[in-house]
Amino acid sequence: MNPPAPKAKRAVAAFELRLYVAGQTSKSQAALTNLKRLCETHLAGQYRIEVIDLLKTPQLAAGDQILAVPTLVRRLPEPIKKIIGDLSNEERVLVGLDVQPAKS
Amino acid sequence: MKQKKQPERAAATLPKTPTGITGLDEITLGGVPRGRPTLVCGGAGCGKTMLALEFLVRGARDFGERGVCMMFEESADELTANVRSLGFDLDKLVAQKKILLDHVHIERSEFEETGEYNLDGLFIRLGHAIDTIGAKRVVLDTIEALFAGLPNHAILRAELRRLFRWLKERGVTALITGERGESSVTRYGLEEYVADCVILLDHRVEGQISTRRLRVLKYRGTTHGMNEYPFLINDHGVSVLPITSLRLDHKASAQRISTGIPRLDDMLGGKGVFSGSSVLVSGSPGTGKSSIAAKFVEAACQRGERALLFAYEESAAQIMRNMCSIGIDLQKHVEKGLLRIHSSRPTLQGLEQHLVMMHDAVCGFRPDVVAVDPISNLTFENNESEVKPTLMRLIDFLKKEQITTVFTSLTGGGGATVSPEDSQMGVSSLMDVWLLLRNSELNGERNRTVYVLKARGTHHSNQVREFRLGNRGIELVDVYLGASGVLTGSARIVQEAQESAAATLRTHNHERRLRQLASKRKAVESEIARLKAEADAEEAEVNFVIAQELLQEKAALQNSKTLAALRGGRGENTRLVKKS
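Residues numbered from 1 in each chain as written. Chains lettered and ligands numbered in written order. Predicted model: local features only at pLDDT ≥ 70, side-chain atom pairs only at ≥ 80, totals over all residues.

1. A short note on the overall build of chain A
Let me state the cut-off plainly: The numbering of helices and of strands both runs from the N terminus, where a helix is a DSSP run of H or I of at least 4 residues and a strand a run of E of at least 2. Exposure is read from a count of other C-beta atoms within 10 Å of each residue's own; the residue is exposed at 12 or fewer, buried at 20 or more and partly exposed in between. C-beta atoms are placed from the backbone. Two residues qualify as a contact pair if the distance between their C-beta atoms, derived from the backbone, is within 7 Å.
Scanning chain A from terminus to terminus reveals two helices and four strands. The order of helices and strands in chain A, counted from the N terminus, is β-α-β-β-β-α. For chain A, with 104 residues in total, the buried portion stands at 39%. Long-range pairs, those at least 24 residues apart, make up 69% of the contacts in chain A between residues at least 6 apart in sequence.

2. Let's talk about the interface of chain B and chain A
As a reminder of what qualifies: Two strands pair under a simple rule: DSSP has to find at least two bridges between them.
Between chain B and chain A, the contact holds 21 residues from the first and 29 residues from the second. Sort the elements by how many residues they give to the side of chain B that touches chain A and helix α6 (residues 120-133) of chain B lands first, with seven residues. One ladder, built from three bridges, connects strand β4 (residues 81-84) of chain A with strand β6 (residues 111-113) of chain B; its direction is parallel. Bridging across to β6 of chain B, Lys82 of chain A finds its partner in Phe111 of chain B.

3. Considerations on the sheet that holds strand β2 (residues 47-53) of chain A
Applied cut-off: With axes taken as lines fitted to C-alpha atoms, and helix axes fitted only over the stretch in contact, angles between N-to-C directions fall between 0 and 180 degrees.
Across the sheet, five strands lie side by side as β2(A)-β1(A)-β3(A)-β4(A)-β6(B); this open sheet has mixed pairing. Each edge of the sheet is formed by a strand with only one pairing partner; in this case those strands are β2 of chain A together with β6 of chain B. Neighbour to neighbour, the strand axes of the sheet diverge by 20° on average, direction disregarded. Pairing of strand β1 (residues 15-21) of chain A with β2 of chain A involves seven bridges; the strand directions are parallel. In the strand pairing of β2 of chain A, Arg18 of chain A is matched with Glu50 of chain A. Running at roughly 165° to β1 of chain A, helix α1 (residues 26-42) of chain A makes contact with β1, β2 and β3 (71-76) of chain A of the sheet.

4. Concerning the sheet that holds strand β19 (residues 404-410) of chain B
Residues and elements named next belong to chain B. The nine strands lie next to each other as β17-β16-β18-β19-β15-β20-β21-β22-β23, forming an open sheet whose pairing is mixed. The sheet terminates laterally at β17 (339-343) and β23 (473-478), the two strands that pair on one side only. The average undirected angle you get between the axes of adjacent strands in this sheet is 20°. Pairing geometry for strand β16 (residues 307-311) and β17, over five bridges, is parallel. The partner of Ala311 across the bridge, within β17, is Ser343. With respect to the sheet, helix α10 (residues 289-302) is in contact with β15 (278-283), β16, β17, β18 (369-373), β19, β20 (433-442), β22 (465-470) and β23, its orientation differing from that of β18 by roughly 165°.

5. Some remarks on the nonpolar core
Residues and elements named next belong to chain B. Where we set the bar: For our purposes the nonpolar core covers buried Ala, Val, Leu, Ile, Met, Phe, Trp, Tyr and Cys residues that link as a set through C-beta atoms within 7 Å. All the domain ranges listed were derived from an automatic or database domain assignment.
Counting residues in hydrophobic clusters, the biggest one holds 158 residues, and the most contacted among them are Val139, Val297 and Ala371. For this core, the leading source of residues is α10, giving eight residues. Lining this core are residues from two domains, each supplying at least three of them: domain 1 (2-239) and domain 2 (256-478). Those residues in contact with Ala371 that sit more than four places away from it in its chain are Ala293, Phe296, Val297, Leu309, Phe310 and Val406.

6. Quick notes on the pairing of β1 of chain A
Residues and elements named next belong to chain A. To keep things clear, this is the line we draw: Here the term right-handed applies to a crossover when the path leading from its first strand over the helix to its second strand runs clockwise, the strands being oriented away from the viewer.
The buried fraction of β1 amounts to five of the seven residues, a majority that puts the element mostly inside the structure. On the question of chirality, the crossover connecting β1 to the parallel β2 by way of α1 is right-handed. Of the strand pairs in this sheet, β1 and β3 are connected by five bridges, and their pairing is antiparallel. The residue bridging Tyr20 from the neighbouring strand is Thr71, located in β3.

7. Here's the deal with the environment of Leu87 of chain A
Mapped onto the elements of the fold, Leu87 of chain A is located in the loop between β4 and α2 (90-97). Spatially, the C-alpha atoms of Leu87 of chain A and Ala30 of chain A are 7.9 Å apart, while their sequence positions differ by 57 residues. Other than its neighbours up to four places away in sequence, Leu87 of chain A contacts Ala31, Asn34, Leu35, Leu72 and Val93 of chain A together with Thr114 and Gly115 of chain B.

8. Quick word on the confidence of the model for chain A
Detailed reading of the predicted coordinates is not advisable wherever pLDDT falls low. All names here are of chain A. Spelled out, the test is: The predictor reports its confidence for every residue as pLDDT, a score running from 0 up to 100.
Chain-level pLDDT for chain A is 78 on average; 84% of the residues reach the 70-or-more range. Across chain A, β1 holds the top mean pLDDT of 87, while α2 sits lowest at 79. Overall, residues 5-11 carries pLDDT values under 50, and its contacts beyond four positions in sequence, including any with other chains, amount to nine contacts.

9. Concerning α1 of chain A
Residue and element names in this part refer to chain A. Note the threshold: One less than the residue count of a helix, multiplied by 1.5 Å, gives the span that helix is expected to have. To obtain the arc, one takes the directions from the helix axis to the C-beta atoms.
Under the 1.5 Å per step criterion, the end-to-end length of α1 is 24 Å for 17 residues, consistent within 8% with the ideal 24 Å. Taken residue by residue, α1 has Lys27, Ser28, Ala31, Leu32, Asn34, Leu35 and Cys39 as its buried positions. The buried residues of α1 occupy an angular sector of 165° when projected down its axis, which confines them to one face. Along α1, exposed side chains directed more than 90 degrees from the buried face belong to Ser26 and Arg37. Against the buried residues of α1 lie β1, β2 and β3.

10. Comments concerning unusual backbone geometry
Peptide bonds are trans in most cases, and residues, glycine excluded, mostly fall at negative phi. Between Val69 of chain A and the following residue, Pro70 of chain A, the backbone shows a cis peptide bond with an omega angle of -5°. Structurally, the position occupied by Pro70 of chain A is in the loop between β2 and β3. Put simply, Asp373 of chain B and Pro374 of chain B share a cis peptide bond, and its omega is -10°. Tracing the sequence through the fold places Pro374 of chain B in the loop between β18 and α14 (375-378). You will see that Gln65 of chain A, though not glycine, has its phi angle at about 55°, which is positive. Tracing the backbone through its elements, the reader meets Gln65 of chain A in the loop between β2 and β3.

Right under this line is the structure:
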């Protein structure tokens, strides 16, 4: 649950991301791996990732209207955006996060 | 009969959860399958959500089973406001932790989809909600909204299948609502997954009047009512009228009750109608049908019974005012709470829904006597084939409840081509007593007549009576039956006057003839006296003559003796006398 990103020390992360998963399934592992890689590539230094395991804290599912897992929620910057799935398609994730690719 | 016997057997094999909805539990013979999902589907505005919510609320309130409602379309606030109109206080139940509302909001535009996913989030949410309050009942209100929100239908279908299996494993009784599809039961074929029990709701408009109907399409492992049943959503929630009871096993009371019109009771064997029977009063406009119904109701109230009057022509106030004019005071009874008048427009809703409303009103008020004025207005918009079964349901229901009923029915005006006997579209066969009111027009005036067309199980008069409405109430008068036919009204009065004049005249005539006879007898008697006197006189004359002649003879004999003595010799004298 602790933000794994080392850049979390910064006062304000430009991108505050939350990844909802249900247990340590292969799908959630894949999603987390994909997300980390993508963030390091395109958002180095300006993001913070919070992983929420709904099996442990089911009450959090209602707050962000989570139905599908894994779901990635971009809490900041506004507006809130959601991406569902294992985040395997990098291009669509970037579109979903509204992020300009750092290098093409 | 068949349906009644089976539930016990079925109940032993298939546990059921009562919905608490009036009528639905009767149709399903106990409720929806316990621990299994049930699909409720229908078009927009059919009352799916209301039915599902009532299932939850009644479960929480009446059966001690807590419930979770997961809404995909409405928010908790909207839903709470919506069901408040049904008299359900969701806020309170939520505060008491008897019901948990969870609004699942999904917006297609907020989603981006990449790669594989499943709906574990939904499962977890639902599972968490169920665990939080220990729910036994779950409602998923239009889960089909997910199809609009999630583009990958292949995943969604697989997940829904898993969801329903999961619900079964959790052992909760679930009600899932679904939108009615064009060709299939639901738009997205949910019936494939929820196959245990499917309830169809329908909302049809015929002749500009809409009627809600409910049908149990499928119920695995148990029998159920197969028909379409009209239902109603009112301020007490949903009520279905399960009028399958084509069983004819209602009790028959031997008790008789008065119609409130003594002469009419006389016509019905002197004691009125059987308690719990149905009375049809039919007639053309203005023949006094409503007055009879009102009198009947008043009589019931005067006996201290409860009465319910359904009026489809006049408002309650108007009825009370109008009935005052013939000496029927209904206001008094309304104030005492013995009488309740339900006035509504026949076009307000369909016939079935009127019946559901009546059913509810009767169940709520528990009257001894019900009057419906008139049923013909209810049937106005419907074709006859529909009317009979629906009315039969009502009449059956009322009979089962041992309620005496008066139905009035309007027949065509005087010039109608059908005879009054044929004008009752088969309703009459359901009735025990049928009073026919007619207008007879003669000598420039209309008069009301009444006769008993039929009265099952009672002696009844075959006579036509004149029916008069005055400020003293309703009176029945014998009509004049004479050589010139049936006379009523002033013609009857004239005829009666003529008759009484003729009678007086006859009496006078008799007296005169008696007097004549007496004087004649006197004359004869005096004649007899005269003749007798005459005879006496004659007799006296005759006697006189005889006596005279005897004297003369005697004198002559004396003379001859004397002569003979004078002439000498006795013998000669003797001879002479003898010769002469």
